[in-house]
Amino acid sequence: MAATTSTASSNILTTKKNLSSLSLTSTNKLPTFSSLYSSSRRQRFIVLSASLNSKPTVLVAEKLGEAGINLLKDFANVDCSYNLSPDELCTKISLCDALIVRSGTKVSREVFESSGGRLKVVGRAGVGIDNVDLAAATEHGCLVVNAPTANTIAAAEHGIALLAAMARNVAQADASLKAGKWQRNKYVGVSLVGKTLAVMGFGKVGSEVARRAKGLGMHVIAHDPYAPADRARAVGVELVSFDEAIATADFISLHMPLTPATAKILNDETFAKMKKGVRIVNVARGGVIDEDALVRALDAGIVAQAALDVFTVEPPPQDSKLVQHERVTVTPHLGASTIEAQEGVAIEIAEAVVGALKGELASTAVNAPMVPAEVLTELKPYVVLAEKLGRLAVQLVSGGSGVKDVKVTYASSRAPDDLDTRVLRAMITKGLIEPISSVFVNLVNADFSAKQRGLRLSEERIHLDGSPESPLDSIQVQIANVESKFASAISETGEIKVEGRVKDGIPHLTKGRKRIRRAECQCQLHECRKDRST
Ligand SMILES: NC(=O)c1ccc[n+]([C@@H]2O[C@H](COP(=O)([O-])OP(=O)(O)OC[C@H]3O[C@@H](n4cnc5c(N)ncnc54)[C@H](O)[C@@H]3O)[C@@H](O)[C@H]2O)c1
Ligand SMILES: O=C(O)[C@H](O)COP(=O)(O)O
């Protein structure tokens, strides 16, 4: 008799016969990967019933290129509402499946809390995700994707534009001339050729800035604790320590993300270590500089000039000493603002958001494991199996709430490196947690949800002889130290074990406790770290 395991209240029939031959699909249709991201049970079934044809709603909260909007409209209802107040955003968000922002919208914890579980994906149309509360997104099972490549060149070009404009006083001289003055002596600049530029953060933008600065005849060094030396060498750049970079540079250009480790990385102490007369460019994030300290360093003559595209608070206060400083050149966060970059970013983020809403794994996911699409395609039926095994196992436990230690054993002919189990682990966790709580678990928040509930999930692999064509032979979920409401489901040592495999693309429950032992003996094991005490 087939049983449905799709809701917490389902009746699970657990005779030996049932446990050994149960088909784990309640319909013939396999779900899409939407269930990986779905953050509510209700939505899950909307998506899983192969699009009950209600289009998802995407809120675009900041100006996005037309090409991106059109892509979104092909798939979703698109609500372009710019300049929403935080309260308005929180009100609207409960009606939205996805939200797209640039750097001007704070996607705070309140936004995720206000979404009532409906928000499945936040798309950041750009690189920096410091305006999105990632921890809150993850806790709410909301995927965050960004558009990390389309504005790289625009940002690098803006960095170079600011570098040259600063060195030649372009903005100041322009304002002076427009004010009716002709001050040729006042605006004598400095040359770039032969000067040392320290690129702080040798990622996408930093390395493009370095390339261009070398073209201008500058000597370029870089500091980036995570950048591979050979990538720097390929551009003709030497990687140096932070202190060496700031002490030797005539120009410093900032290109690192804003993180707790980089916040105010330029401060009174670090300015004091710089060469007198250093010039600073920042097209990264305002928060990486202590802005009050920069004003002090400018006034003390340590910093000769600065050119800033980004500020701790945007827009900065009108009376900001830094913005008003005579030797500071400013632009209103224009690094990504070229026609080409905005078109590219809009398309990149629209594709990522639509993909995520369809349940595809986004290659630009910021808070979910990056599992290649081909791996997912192959694991698709096992994803269903994994979730259902988790659901079944937990529903055999009395009360369910005592579940703390879960061991998952994957039997496979594949080498461990060829079997990515992160998605399976997430889906088992989903199956284990959802029937006994009000939490909705997906690929994004699975590990977080398990940790929060004190659920320890360990994974083991059994290497089987045979062809590694299929990724897995079977999955076994074992819950230790629990009692069951069904005598036949639990071993003398208090373990519940369920095991399943995929046959003809359909997940099947193959073994309950009694049959597992016999089956284990039949396995041809190369490597088995399993506890065989039961
Ligand atoms: N002004 C703009 O409009 C604009 C446009 C694009 C990007 N940005 C900003 O520029 C920055 C870089 O963007 P990207 O696309 O090059 O990102 P990226 O991730 O490719 O590069 C960032 C680099 O910073 C490095 N890094 C991290 N911590 C560091 C530290 N403590 N010290 C030195 N390096 C460190 C990383 O290893 C990485 O190589 C981001 O802050 C992004 O938000 C601004
Ligand atoms: O991080 C980024 O991509 C840039 O700062 C661009 O931000 P914007 O999308 O607000 O222009």
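Within an unreviewed UniProt entry, the label attached to the protein chain reads D-3-phosphoglycerate dehydrogenase, and the organism entered is Salix koriyanagi. Listed in UniProt under the heading Catalytic activity (unreviewed entry), the comment for the protein chain reads: "(2R)-3-phosphoglycerate + NAD(+) = 3-phosphooxypyruvate + NADH + H(+)". In its Sequence similarities (unreviewed entry) section, the UniProt entry covering the protein chain states "Belongs to the D-isomer specific 2-hydroxyacid dehydrogenase family."

A. Highlighting the overall build of the protein chain. Along the backbone of the protein chain there are 20 helices and 18 strands. Within the protein chain, the fraction of its 534 residues that count as buried is 54%. In the protein chain, 67% of the contacts between residues at least 6 apart in sequence involve partners at least 24 apart. Of the roughly 23800 Å² that the protein chain leaves accessible, carbon and sulfur atoms contribute 53%.

B. Broad picture of the UniProt feature "domain: S-adenosyl-L-homocysteine hydrolase NAD binding" (unreviewed entry) in the protein chain. On the UniProt side, "domain: S-adenosyl-L-homocysteine hydrolase NAD binding" (unreviewed entry) is annotated at positions that read residues 185–339 here. Its end C-alpha atoms 36 Å apart, residues 185–339 is made of 28% helix and 19% strand.

C. The pairing of strand β3 (residues 98–101), seen in detail. Because side chains alternate across β3, one face comprises the buried residues Ala98 and Ile100, and the other comprises Leu99 and Val101, equally buried. Two strands pair when backbone bridges link them, and strand β1 (residues 57–60) and β3 are joined in this way by 3 bridges, in the parallel orientation. In the sheet register, Leu59 faces β3, and the bridge partner there is Leu99. Here β3 pairs with strand β4 (residues 121–124) via 4 bridges, running parallel. Across the sheet, residue Ala98 finds its bridge partner in β4, namely Val121.

D. Molecular detail of the sheet that holds β4. Pairing is parallel across the open sheet formed by 5 strands, whose spatial order is β2-β1-β3-β4-β5. Single-partner strands in this sheet number two, and they are β2 (77–80) and β5 (143–146). Strand-to-strand, the axes of this sheet are offset by a mean angle of 20 degrees, without reference to chain direction. Here helix α4 (residues 66–73) sits on the sheet and contacts β1, β2 and β3; the angle it forms with β2, its principal contact strand, is near 145 degrees. Against the sheet, helix α5 (residues 86–93) contacts β1, β2 and β3, and its axis sits at roughly 170 degrees relative to β1.

E. Highlighting the site of ligand 2. Around ligand 2, a shell composed of Arg102, Ser103, Arg124, Ala125, Gly126, Val127, Gly128, Asn151, Arg285, His333 and Ala336 is seen. A distance of 2.7 Å separates an oxygen atom of ligand 2 from a polar atom in the side chain of Arg102. Here Ala125 contributes a backbone N or O atom positioned 3.4 Å from an oxygen atom of ligand 2. Considering ligand 2 on its own, with 310 Å² of exposed area, one finds that the protein chains cover 90% of that surface. The residue inventory of the shell around ligand 2, partitioned by class, reads 3 nonpolar, 5 polar and 3 charged.

F. A look at the site of ligand 1. Ligand 1 sits among 25 residues. The nearest are Lys204, Val205, Asp224, Val283 and Asp309. Between ligand 1 and Val205, the relevant distance is 2.8 Å, taken from an oxygen atom to a main-chain nitrogen or oxygen of the residue. Within the backbone of Ala336, a nitrogen or oxygen atom sits 3.1 Å from an oxygen atom of ligand 1. Here ligand 1 has 850 Å² of accessible area as a free molecule, and 87% of this is covered by the chains.

G. Here's a closer look at the side chain of Thr429. Topologically, Thr429 is positioned in helix α18 (residues 422–433). By relative accessible area, which is 1% here, Thr429 ends up buried. Looking at Thr429, its side chain comes within polar contact range of the main-chain oxygen of Arg425, at 2.7 Å. Apart from the residues within four sequence positions on either side, Thr429 is in contact with Val441, Ala446, Ala450, Leu455 and Leu457.

Procedures and definitions
Residues numbered from 1 in each chain as written. Chains lettered and ligands numbered in written order. Predicted model: local features only at pLDDT ≥ 70, side-chain atom pairs only at ≥ 80, totals over all residues. Heavy atoms only, no water. UniProt positions renumbered as here; feature names shortened; annotations may be inferred. Helix = DSSP H or I, 4+ residues; strand = E, 2+ residues; numbered from the N terminus. Buried < 20%, exposed > 50% of the residue type's maximum accessible area, 1.4 Å probe, protein only. Contact = heavy atoms within 4.5 Å. Areas by Shrake-Rupley, 256 points an atom, 1.4 Å probe, with all protein chains shown as cover. Pairing = 2+ DSSP bridges. Axes fitted to C-alpha atoms, helices over the stretch in contact; angles between N-to-C directions. Near = heavy atom within 4 Å. Polar contact = N/O pair within 3.5 Å; in protein donor to acceptor, adjacent residues only side chain to side chain. Nonpolar A, V, L, I, M, F, W, Y, C, P; charged D, E, K, R; others polar.

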